[in-house]
2 protein chains.
Amino acid sequence: LVAVWRTAVAFAPVPRITWEHGEVGLVKFHEPGIFNYSSLLMSEDKDTLYVGAREAVFAVNALDISEKQHEVYWKVSEDKKSKCAEKGKSKQTECLNYIRVLQPLSSTSLYVCGTNAFQPTCDHLNLTSFKFLGKSEDGKGRCPFDPAHSYTSVMVGGELYSGTSYNFLGSEPIISRNSSHSPLRTEYAIPWLNEPSFVFADVIHKSPDGTEAEDDKVYFFFTEVSVEYEFVFKLMIPRVARVCKGDQGGLRTLQKKWTSFLKARLICSRPDSGLVFNILQDVFVLRAPGLKEPVFYAVFTPQLNNVGLSAVCAYTLSTVEAVFSRGKYMQSATVEQSHTKWVRYNGPVPTPRPGACIDSEARAANYTSSLNLPDKTLQFVKDHPLMDDSVTPIDNRPKLIKKDVNYTQIVVDRTQALDGTFYDVMFLSTDRGALHKAVILAKEVHVVEETQLFQDFEPVLSLLLSSKKGRKFVYAGSNSGVVQAPLAFCGKHSSCEDCVLARDPYCAWSPAIKACVTLHQAEGSSRGWIQDMSGDTSSCLDKSKESFHQHFFKHGGTAELKCFQKSNLARVVWKFQNGELKAVSPKYGFVGRKHLLIFNLSDGDSGVYQCLSEERVRNKTVSQLLAKHILEVKMVARIPPSPTSQ
Amino acid sequence: LVAVWRTAVAFAPVPRITWEHGEVGLVKFHEPGIFNYSSLLMSEDKDTLYVGAREAVFAVNALDISEKQHEVYWKVSEDKKSKCAEKGKSKQTECLNYIRVLQPLSSTSLYVCGTNAFQPTCDHLNLTSFKFLGKSEDGKGRCPFDPAHSYTSVMVGGELYSGTSYNFLGSEPIISRNSSHSPLRTEYAIPWLNEPSFVFADVIHKSPDGTEAEDDKVYFFFTEVSVEYEFVFKLMIPRVARVCKGDQGGLRTLQKKWTSFLKARLICSRPDSGLVFNILQDVFVLRAPGLKEPVFYAVFTPQLNNVGLSAVCAYTLSTVEAVFSRGKYMQSATVEQSHTKWVRYNGPVPTPRPGACIDSEARAANYTSSLNLPDKTLQFVKDHPLMDDSVTPIDNRPKLIKKDVNYTQIVVDRTQALDGTFYDVMFLSTDRGALHKAVILAKEVHVVEETQLFQDFEPVLSLLLSSKKGRKFVYAGSNSGVVQAPLAFCGKHSSCEDCVLARDPYCAWSPAIKACVTLHQAEGSSRGWIQDMSGDTSSCLDKSKESFHQHFFKHGGTAELKCFQKSNLARVVWKFQNGELKAVSPKYGFVGRKHLLIFNLSDGDSGVYQCLSEERVRNKTVSQLLAKHILEVKMVARIPPSPTSQ
């Protein structure tokens, strides 16, 4: 009768500020009649943002995306549309050309692929003329057939690495390299890829000094059906896989297949609370000059019992590398003739190590290319693509867990606060068109603000960060268009207290101009500026932004006294003659928990009413006077109707 | 970049009515200084409720539990308390005597066990003198050492069957029969019990005609660590186990151990939504004259990602029976020397069937007792106590899924509505002191009402139903006391519409006395009574309960017009001169979403205001007029202050 396992937990760091759509300055781009703005590509040199949508590609000014520079359409012919419809697909939605690959090919051209009414096709887009070259390459394996299927790709040295499905049904998954001299692909076998949903791919170049990594490596992130775990129904598992750029495939075994394909589990969980995040939504690679190594930031949701939970886990490159280069492998074993179980492989591992890139050691042993790797090594990697060791996140736990939200995309900006400290600011988009900006302060998550990017609460499909000095923006694509947002809305904070309480690493208070300024935009010296990431407002000497009102009311009437406070973390307190008022009927009431109502006015209600906000920051309460109202209740004969307070 | 697995779902059938503590008539029992009222036992003949608490047992009048009939204390001696404290336990909380077993032994005595400062002890309580006999039996294996450990027990034919832990640490789980002539217990081995948390036990007697079941069977319900499933961390799994009453143990193999112990998985999940409920909280056996067979109602919460989810699944006795009597077994296999995996056993099964009760077939083959079962059968059941087949719920899915709540206990009352239809009414207690009453109507869950039983929002530890004709009550025990609640609050519905809209099978409207009456309490004929479980109010001819008010207000003032509506499913609509009012600032405002505020009154605001409630029931909207206000705005010189509406 005693319940031992009752560990319901609540993770809900509330965004401090909620900016409704239209409340802050956002720039929007959308072309009438064009939908599904799913692919974004930035040209930092040209200050141009390329946008791949359904049946169209656009070039817009990255500093003001409402300014369209070029456009090109790529429509499906009526003939093709009809053939697609004959196969049972929708002419209005599925049998169109969804741009899914938009990659830089050279300084003057882009590589573009679209679903093309279930006949995936690729072409080159000339950036000077902004016209397609009409190459009409077969896009099979580079771009999905079905716009509903998952895809990811990255261009490395003019060769496209992609993860998607290889057939009409979407039942044959593939990770491949599209290369004229050495095309490679994955085996079509459950141990290699088991109903994967591709999320992200990127290249990590070998270190310039050549000591550590001796080859460029391409990492793929996806969620697939687990072979190693079992529960009441099919379990999904998030994975990172990697291949080597120098891979040439095997000579006999694994001919034209990857010899360097290895994959491992990504762990993102909180065992103490029973939280398991096993559906990968997006990955961002954070690279920054001050950062020792790249860090993979990943957004997850749970597969099981997801009634609105998201998490962010971060993984260092070296943790991922270590699992592939030194970790144990898994093997499958047949139990009692009919069951396949995956367990740790404890036997001898062939040399060179299966799945390793060709490094100096291999070269010293005369293995100069994957083509002359011994059959034992190739057969082993063919049968054992899955590592037994898992990739564990930094600090062994999620950086952030948020309730009542489904995050879809992530970008991270590493920025320096006024005191020189670096902060990794996470920008997380939701399936309801919002953007959350979160930062870790003293090991706690602080969601600085939530911005409603899209009025119609549509899911954000793609997110792109541009963090060039003086041009820091987030770009978000949805079904209806693209939105450009600045990284901070410092100017919206009208008092020094508000500016400091925001605990936004981008914002500081300038006493000289009495304004909250954006660090990376402000000109001139930052001397005297006030910023305190612990929320300590004691340096604020400027008087608060309090508003002042005087009102006259008649006996027996009702007064409404207004008060404005944007912070969701603050409590509004009303004081009358310095005593706190409680919302006790029938005398007082609150409208929207902020504005005060006073019913049945009498002489005794005359006096000074103050609205204060109290915000708790690190166990300290910061009080701010927001408004002061002086009320005079008069027994009058015939004066004009008393004004309602504004 | 496309997220395929984003299946956040919201299950939240809102209770139609919320009764705050004190709003409805509840009877309470608690003794000053006594806590942890965890054990409840009803004597239907004597109309007495026995209550086991910490260091005390009480007998109270079941019709009015505030009336205490008897009390007896069972305190731990100072000496024992000190010894317990020396072992590192808390003198104030743990080293006390928590009553965990309270079972009927005969018509004049109870069997009582307590934790007794980590020295579990049992005694007989004479019901005539209400004194303990001072037997001081060793309670090991019947009652846990630690009040934090799980326990369950049931008295069958004067022998106590119990599930709990056998040692001080709580590390040795046991299901045992305390019997002088044939004590039996489980093997101490992981395949038998793996860190179980016991929840419930009950006996199902053999059918009187002796055709089907040929022995009484005792069923145990618990959650334990899974051996057959694996995920990122330890997975829990809910189980039902059963033993036969006629079991005598084996002669050599399984000597003094169960030869009939088998266990199986309980499934409670919604694969389409990724919902898995694997932590059992409580079980109730529904038996009723009209019911073909007993039904097990079970309350679950999820282990993984539980941010407030509960479910109810129901299992028929025959489904459970079928798994044990005809299901496949599981076997463990060693994979690659070091891994133990559990898979389906497909080999030959010995005869008589391992784990089966001694039935006529066994007897015909000369196996008259478990003592002469062949060694092959005994060795098999010793090694294969776990079934491969699972026990699936009625309709293959949960009867109820509720968000933002943790249910702790369940009782179910099968009741007949006015039209003769039977309804299984579920009473579910929460970890915040509330009771939900839920019923399935047209395949949808309808939570009739939520009652706050305990003011302090404490978890409900025990729940008991008494459904004797004319004495239907729910009793709930918590840390602070026991509460007695009627099964319905029909009298609180003041109009025919409200009475019918409640869709409460216990309630009907009597036009004769113009009141909502309780079916099982009302005297005389039910002719003319109105009840419609589909919420159709068209039979209601009595005029609605509308209230009527007249007000005079001055120019420029603010009016507050009140409206009362208890239903959480209804929307309140205000009409002025028959047009619907919207809460558009600055003219109108709402207080608590029900009362209307009219600001800055002028001549044009004079007129008739009506408050209506609209409640959607099965895609039909039922409208009720709740209040009518006539407002007159006057430009006055000197009249007394205008009254605020009440």
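The residue numbers shown here count from 1 along each chain, following its written sequence. Written order decides the labels, with chains lettered from A and ligands numbered from 1. Local features in this predicted model are restricted to residues of pLDDT 70 or higher, and side-chain atom pairs are both shown and tallied only at a pLDDT of 80 or more, whereas totals for entire chains, interfaces and linings draw on every residue. With hydrogens and water stripped out, all remaining heavy atoms of the structure feed into the side-chain values.

**Q** Please give an account of the environment of Gln577 of chain B that cites residues and values.
**A** Residue and element names in this part refer to chain B. Each helix is a run of H or I in the DSSP string that is no shorter than four residues. Each strand is a run of E no shorter than two, and both are numbered from the N terminus. Secondary-structure assignment places Gln577 in the loop between β39 (570–576) and β40 (579–580). In sequence terms Gln577 and Val608 are 31 residues apart; their C-alpha atoms lie 5.7 Å from each other. Excluding residues that lie within four positions of it along the chain, Gln577 makes contacts with Ser606, Gly607 and Val608. Contact definition: two residues touch when any of their heavy atoms are within 4.5 Å.

**Q** How would you sum up the relation of the copies chain B and chain A? Please name residues and give values.
**A** Least squares is the method for superposing the copies, and the C-alpha atoms it fits come from residues with pLDDT of at least 70 in both. With an RMSD of 0.1 Å, the fit of chain B onto chain A corresponds to turning through 180 degrees and sliding 0.0 Å along the axis. A rotation of that kind, with that shift, is consistent with a two-fold axis. Taken together, the interface assignments show that 97% of the residues at the interface of chain B recur at the interface of chain A, consistent with an identical surface on both copies.

**Q** Kindly report on empty space enclosed by the protein, identifying the contributing residues and their values.
**A** Residues and elements named next belong to chain A. For each structure, a 1 Å grid was placed over the protein atoms alone; sets of points admitting a 1.4 Å probe that cannot get out are labelled cavities, open sets with protein on both sides within 12 Å along at least five of seven lines are labelled pockets, and lining residues have an atom within 4 Å of a point. Grid points are joined across faces, edges and corners, and a volume is the space filled by probe spheres set on the points. Inspection of the entire model under this criterion finds 11 cavities of 30 Å³ or more. Reported here for the second largest cavity is a volume of approximately 60 Å³. Forming the walls of the second largest cavity are Phe427, Leu435, Lys437, Glu449, Thr451, Ala485, Pro486, Leu487, Ala488 and Phe489. Where the lining of the second largest cavity is concerned, the elements lending two or more residues are β30 (434–441), β31 (444–452) and β34 (482–486). Broken down by class, the residue content of the lining of the second largest cavity amounts to seven nonpolar, one polar and two charged. The nonpolar class holds Ala, Val, Leu, Ile, Met, Phe, Trp, Tyr, Cys and Pro. Asp, Glu, Lys and Arg form the charged class, and all remaining residues, Gly among them, are polar.

**Q** A description of the sheet that holds strand β3 (residues 39–43) of chain A should follow, citing residues and the corresponding values.
**A** Residue and element names in this part refer to chain A. A pair of strands is treated as paired once DSSP finds two or more bridges between them. Spatially, the four strands line up as an open sheet ordered β3-β4-β5-β6, and their pairing is antiparallel. Whereas interior strands pair on both sides, the edge strands pair on one side only; in this sheet they are β3 and β6 (64–73). Put simply, the sheet's adjacent strands are angled 25 degrees from each other on average, direction ignored. Both strand β5 (residues 56–61) and β6 contribute to a ladder of six bridges, which runs antiparallel. What sits directly across from Asn61, in β6, is Asp64. Between the N-to-C directions of two axes lies an angle of 0 to 180 degrees, each axis being a line fitted to C-alpha atoms and, for a helix, fitted only over the stretch in contact.

**Q** Pulling in residues and values, what's your account of the sheet that holds strand β3 (residues 39–43) of chain B?
**A** Residues and elements named next belong to chain B. The four strands are arranged β3-β4-β5-β6 in an open sheet whose pairing can be described as antiparallel. Only two strands of the sheet have a single partner each, and these edge strands are β3 and β6 (64–73). On average, adjacent strands in this sheet sit at an angle of 25 degrees to one another, irrespective of strand direction. One ladder, built from six bridges, connects strand β4 (residues 48–53) with strand β5 (residues 56–61); its direction is antiparallel.

**Q** Provide a residue-level description of the side chain of Lys263 of chain A, including the pertinent values.
**A** Residue and element names in this part refer to chain A. When you line up the elements, Lys263 lands in strand β19 (residues 262–265). Exposure classes here rest on a 1.4 Å probe applied to the protein chains alone. A residue is buried below 20% of its type maximum, exposed above 50%, and partly exposed in between. Accessibility expressed as a relative area gives 2% for Lys263, which makes it buried. Each polar contact in these results corresponds to two N or O atoms within 3.5 Å; when the atoms are within protein, one needs to be able to donate a hydrogen and the other to accept it, and residues that are neighboring in sequence are counted only if both atoms are side-chain atoms. A distance of 2.9 Å separates the side chain of Lys263 from the backbone oxygen of Pro191, its partner in a polar contact.

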